[in-house]
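An overview of the molecular structure
Residue strings, one per chain:
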Amino acid sequence: MLLVPKADPIPLVTDEFGVVRISKTRVTLDTVVTAFLEGATAEEIKEQYPSLQLSDIYSVIGYYLRHQAEVDGYFLERERLATEVRQEAERRFNPIGIRDRLLARRNPQG
């Protein structure tokens, strides 16, 4: 029998919020790539995230290695957006003194 290699699709989807996830899971691209960059093997990532297929993890790592500049750009944009959201939340809901305000609510006498 002759083996005819064919390309499988990369198991990545972008959700309605622009977050790239591993197909059919809630696990993000950021999660898998960060674990890989911190030294985790595909098998260790699979142990940590049992909803992932081992073959999908290897595909995603391979995709990252072939498209590092684009994926790193995506990560930077996600970080920028997260910072923007955090700053807006802090402007709207001042975190200074929050512990004291929460404790005062718990104990109105004092």
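So, here's what we can say about the structure.

**Comments concerning the nonpolar core**
Of all hydrophobic cores here, the largest spans 19 residues; its most connected members are Ile22, Leu29, Val32, Ile45, Leu52 and Ile57. Elements with a minimum of two residues in this core: strand S2 (20–22), helix H1 (29–37), helix H2 (42–48), helix H3 (54–66) and helix H4 (68–92). The residues touching Leu29, leaving out its near neighbours within four places in the chain, are Leu12, Val20, Arg21, Ile22, Val60, Val71, Tyr74 and Phe75.

**Regarding the environment of Val13**
Here Val13 lies in strand S1 (residues 12–14). With ten residues separating them along the chain, Val13 and Leu3 place their C-alpha atoms 29 Å apart. In contact with Val13, not counting residues within four places along its chain, are Val19, Val20, Arg21 and Ser23.

**Things to note about the environment of Tyr64**
When you line up the elements, Tyr64 lands in helix H3. Residues Tyr64 and Arg26 lie 38 residues apart in sequence; the distance between their C-alpha atoms is 18 Å. Here Tyr64 is in contact with Val33, Leu37, Val71 and Asp72, once residues within four sequence places are set aside.

**What to know about the packing of H3 against H4**
Here H3 crosses H4 at 100 degrees, and the two axes come no closer than 5 Å. One way to sum up the angle between H3 and H4 is to call them roughly perpendicular. Counting all contacts with H3, which are made through Tyr63, Tyr64, Leu65 and Arg66, the residues of H4 involved are Gln68, Val71 and Asp72. Broken down by class, the residue content of the contact of H3 with H4 amounts to four nonpolar, one polar and two charged.

**Section: the side chain of Thr28**
Inspection of the secondary structure puts Thr28 in the loop between S2 and H1. One polar contact links Thr28 to Thr31, side chain to side chain, over a distance of 2.8 Å. Look past the residues within four positions of Thr28 in its chain and what remains in contact with it is Val19, Val20, Arg21 and Ile22.

**A closer look at unusual backbone geometry**
Phi is positive for Lys24, which is not a glycine, with a value near 65 degrees. Residue placement: Lys24 occurs in the loop between S2 and H1.

**A closer look at H3**
Look at H3: 19 Å from first C-alpha to last across 13 residues, which is about the 18 Å you get at 1.5 Å a residue. Inspection of H3 places Asp56, Ile57, Val60, Ile61, Gly62 and Tyr64 among the buried residues, and these make up the whole buried set. On its buried face, H3 sits against S1, S2, H1, H2 and H4.

**What about the packing of H1 against H4?**
Across the interface, H1 lies against H4 with an axial gap of 11 Å and an inter-helix angle of 115 degrees. Considering the angle they form, H1 stands roughly perpendicular to H4. As for the relative orientation of H1 and H4, their crossing is left-handed in sense. Across the interface between the two elements, Leu29, Asp30 and Val33 from H1 touch Val71, Tyr74, Phe75 and Arg78 from H4. Across the contact of H1 with H4, the residue classes tally to five nonpolar, no polar and two charged.

Cut-offs applied
- Residues numbered from 1 in each chain as written.
- Predicted model: local features only at pLDDT ≥ 70, side-chain atom pairs only at ≥ 80, totals over all residues.
- Heavy atoms only, no water.
- Core = buried A, V, L, I, M, F, W, Y, C linked by side-chain atoms within 4.5 Å.
- Buried < 20%, exposed > 50% of the residue type's maximum accessible area, 1.4 Å probe, protein only.
- Helix = DSSP H or I, 4+ residues; strand = E, 2+ residues; numbered from the N terminus.
- Contact = heavy atoms within 4.5 Å.
- Axes fitted to C-alpha atoms, helices over the stretch in contact; angles between N-to-C directions.
- Parallel < 35°, antiparallel > 145°, perpendicular 65-115°, else oblique.
- Nonpolar A, V, L, I, M, F, W, Y, C, P; charged D, E, K, R; others polar.
- Polar contact = N/O pair within 3.5 Å; in protein donor to acceptor, adjacent residues only side chain to side chain.
- Expected span 1.5 Å × (residues − 1).
- Left-handed = near helix turned anticlockwise from the far one by under 90°.

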